[in-house]
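Residue-level structural notes
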Amino acid sequence: AGWIGEKAVATLMDENTAQVDPEELTVRLFEEATKKGLVLKTASASDIVTANGAITGIVLSTGETLPCDALVVAMGVWSTLASRWFALPLPLEGIKSTSLLFKNANNAHAEILADPYVLFCDEDSNGCHLEISPRPNGDIYVCGLGGSDYVDAPRLEAGGDCGNAGRVVADPRRVEKASRSV
């Protein structure tokens, strides 16, 4: 890739793998599910309902119970909070990482869009092991800023520092170090 320079080597890691823009993927999945009858409920799951050893519903924080005959717990690391509903532990731990997003102002990243490679870097002197991913709209997403914080279940609870997405903030020390690395 010309924009990376001559110090990098381009290799195909896996022809069946693709990087996706998480927001774009989520929006498209939501649009397609809505066409098939999905109704959005904005609430937290607070419990399950069982009968004869089977899950028959999910109780929302609003008090509403949604009937079901199957349940998929897909809450990322917050899935560990569902362990109280089941007779088995879900020993998950999350990693709270900081990332950067460079917006494509005035088509500044045109050269990268013309040759869109994802760049995986070794750890550098700033403690970063950057992954640099161009997105289809020209934005550039950077993760692997290093110094990640491990998050356990108590921190994910409603009162914990990671219990609400609005409370999770970037670590300014990691932003500064990664900015030097980029």
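In this text the structure is predicted, and so the values were computed from the model without any measurement.

**Description of the overall build of the protein**
- If you tally the helices and strands in the protein, you get four helices and nine strands.
- In the protein, the succession of α and β elements from N to C terminus is α-β-β-β-β-β-α-β-β-β-β-α-α.
- For the protein, the proportion of its 182 residues judged to be buried stands at 24%.
- In the protein, the proportion of contacts linking residues at least 24 apart, taken out of those at least 6 apart, comes to 47%.
- Counting only carbon and sulfur atoms, one obtains 55% of the accessible surface of the protein, whose full area is about 12600 Å².

**Let's talk about the sheet that holds strand 7 (residues 131–134)**
- One open sheet accounts for four strands, arranged 5-8-7-6; its pairing is antiparallel. The outermost strands of the open sheet, each flanked by one partner alone, are strand 5 (100–102) and strand 6 (119–120).
- Sheet analysis places strand 6 next to strand 7, joined by two bridges and oriented antiparallel. In the sheet register, Leu119 faces strand 7, and the bridge partner there is Ile132.

**Notes on the environment of Ile140**
- Along the chain, Ile140 turns up in strand 8 (residues 140–143).
- C-alpha of Ile140 to C-alpha of Asn104: the two residues are 36 residues apart in sequence and 7.4 Å apart in space.
- Dropping the residues within four chain positions of it, Ile140 is found in contact with Leu100, Leu101, Phe102, His109, Ile112, Ile132, Ser133 and Pro134.

**So, helix 1 (residues 22–35)**
- The end-to-end C-alpha distance of helix 1, which contains 14 residues, comes to 20 Å, matching closely the 20 Å that a straight helix rising 1.5 Å per residue would cover.
- Gly37 sits one or two positions beyond helix 1 and adopts a positive phi of about 105°.

**Considering the nonpolar core**
- If you look at the biggest cluster of nonpolar residues, it comprises ten residues: Leu100, Ile112, Leu119, Cys128, Leu130, Ile132, Ile140, Val142, Leu145 and Ala178.
- Not counting residues up to four positions away in its chain, the partners in contact with Leu130 are Leu119, Phe120, Cys121, Val142, Cys143, Gly144, Leu145, Ala178, Ser181 and Val182.
- Of all hydrophobic cores here, the second largest spans five residues; its members include Val77, Leu81, Val151 and Cys162.

**Side note on the packing of aromatic side chains**
- Under the definition given, this model contains one aromatic pair.
- Look at Trp85 and Phe86: their rings are 6.2 Å apart centre to centre, the planes differ by 65°, and that puts the pair in the edge-to-face class.
- Classification of Phe86 as partly exposed rests on a relative accessible area of 25%.

**Overview of the confidence of the model for the protein**
- Per-residue pLDDT for the protein has a mean of 83; in total, 90% of the residues score no lower than 70.
- Per-element confidence in the protein ranges from a low mean pLDDT of 75 for helix 2 (residues 110–114) to a high of 96 for strand 3 (residues 65–67).

**Some thoughts on the sheet that holds strand 1 (residues 45–51)**
- Taking strand neighbours across the sheet as the criterion, the three strands line up as 1-2-3 in an open arrangement whose pairing is antiparallel. Every other strand in the sheet has two partners, leaving strand 1 and strand 3 as the edge strands with one partner each. Sheet twist, expressed as the average angle between the axes of neighbouring strands with direction ignored, equals 30°.
- For strand 1 and strand 2 (residues 54–60), the ladder comprises six bridges, and the chain directions are antiparallel. Pairing of Ala51 across the sheet is with Ala54, part of strand 2.

Analysis parameters
- Residues numbered from 1 in each chain as written.
- Predicted model: local features only at pLDDT ≥ 70, side-chain atom pairs only at ≥ 80, totals over all residues.
- Heavy atoms only, no water.
- Helix = DSSP H or I, 4+ residues; strand = E, 2+ residues; numbered from the N terminus.
- Buried < 20%, exposed > 50% of the residue type's maximum accessible area, 1.4 Å probe, protein only.
- Contact = heavy atoms within 4.5 Å.
- Areas by Shrake-Rupley, 256 points an atom, 1.4 Å probe, with all protein chains shown as cover.
- Pairing = 2+ DSSP bridges.
- Expected span 1.5 Å × (residues − 1).
- Core = buried A, V, L, I, M, F, W, Y, C linked by side-chain atoms within 4.5 Å.
- Phe/Tyr/Trp six-rings, centres within 6.5 Å; stacked < 30°, edge-to-face > 60°.
- pLDDT = per-residue confidence, 0-100.
- Axes fitted to C-alpha atoms, helices over the stretch in contact; angles between N-to-C directions.

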